[in-house]
Amino acid sequence: MNQNLLASVVLALGIIGGAYMVSSQGFTISTAPAIKTLSTTAEGKVKIIPDTVVISAGVEVHGRSTQEAAYNDMNISINKVKEVLKASGVEDKNIQTSGLYASAEYSYADGKPVREWYQASTTLTIRVEKKDQKVANDILDGIAKIDNIRMNGVNYDLADKESVYAEARKLA
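Residues numbered from 1 in each chain as written. Predicted model: local features only at pLDDT ≥ 70, side-chain atom pairs only at ≥ 80, totals over all residues. Heavy atoms only, no water.

## Here's the deal with the sheet that holds strand β6 (residues 149-157)
Phase 1 of the analysis: Within the open sheet, the 4 strands sit side by side as β4-β5-β3-β6. Their pairing is antiparallel. Edge strands, defined here as strands with exactly one partner in the open sheet, are β4 (95-109) and β6. Looking at each pair of strands side by side, their axes are set apart by 15° on average, direction ignored.
Phase 2 of the analysis: In terms of strand pairing, strand β3 (residues 52-64) meets β6 through 8 bridges, oriented antiparallel. (Pairing = 2+ DSSP bridges. Helix = DSSP H or I, 4+ residues; strand = E, 2+ residues; numbered from the N terminus. Axes fitted to C-alpha atoms, helices over the stretch in contact; angles between N-to-C directions.)

## Topic: the environment of Val53
Phase 1 of the analysis: Mapped onto the elements, Val53 comes out in strand β3.
Phase 2 of the analysis: Overall, the relative accessible area of 7% leaves Val53 in the buried class.
Phase 3 of the analysis: C-alpha separation for the pair Val53 and Ala136, spaced 83 residues apart in sequence, amounts to 6.9 Å.
Phase 4 of the analysis: Each residue touching Val53, except ones within four places of it in the same chain, is listed here: Ile126, Arg127, Val128, Gln133, Ala136, Val154, Asn155 and Tyr156. (Buried < 20%, exposed > 50% of the residue type's maximum accessible area, 1.4 Å probe, protein only. Contact = heavy atoms within 4.5 Å.)

## Comments concerning helix α3 (residues 133-144)
Phase 1 of the analysis: If you check α3, its first and last C-alpha atoms are 16 Å apart, about what 12 residues at 1.5 Å a residue would give, namely 16 Å.
Phase 2 of the analysis: Every buried residue of α3 is accounted for by Ala136, Ile139, Leu140, Gly142 and Ile143. The buried side chains of α3 occupy one side of the element, clustering within an arc of 165° when seen end-on.
Phase 3 of the analysis: Looking at the packing, one finds that the buried side of α3 touches β3, α2 (67-87), β5 (112-129) and β6. (Expected span 1.5 Å × (residues − 1). Arc of directions from axis to C-beta.)

As structure tokens, this is what we get:
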């Protein structure tokens, strides 16, 4: 009798104010309102020509007798890169240094470490904004001539992505 009464109450509550769920262990009441959602998708395409060149270049120095010598030689090469960039009109805000590394290199003789030399390295990310391709090529040529340089790659980007995104959203 109690089960019939409980079932009637659950059914009445479900019809009046919410939903009900039946499980193998009996009835449970959920008073959460049904959520209705509407999802849409759209696509807008905008063709662009990149106006920014992003250069990744590293400086690596090996075989120095002291850590200070390795670090100093690395800084000499970095300063030469910055001279090339400044002469080409690249602002300091568009030069980012990352991954500074300085350490000793060891070999092993009779199972014991023997310090051989010191090394130092870092990576520069350079944004050449709104320049013509000749300027970017001149920068690449100038950097490639510097001692201890490692060219990691060149990518293309936009200086003002937001206006392109806004145009794509408008077309969608």
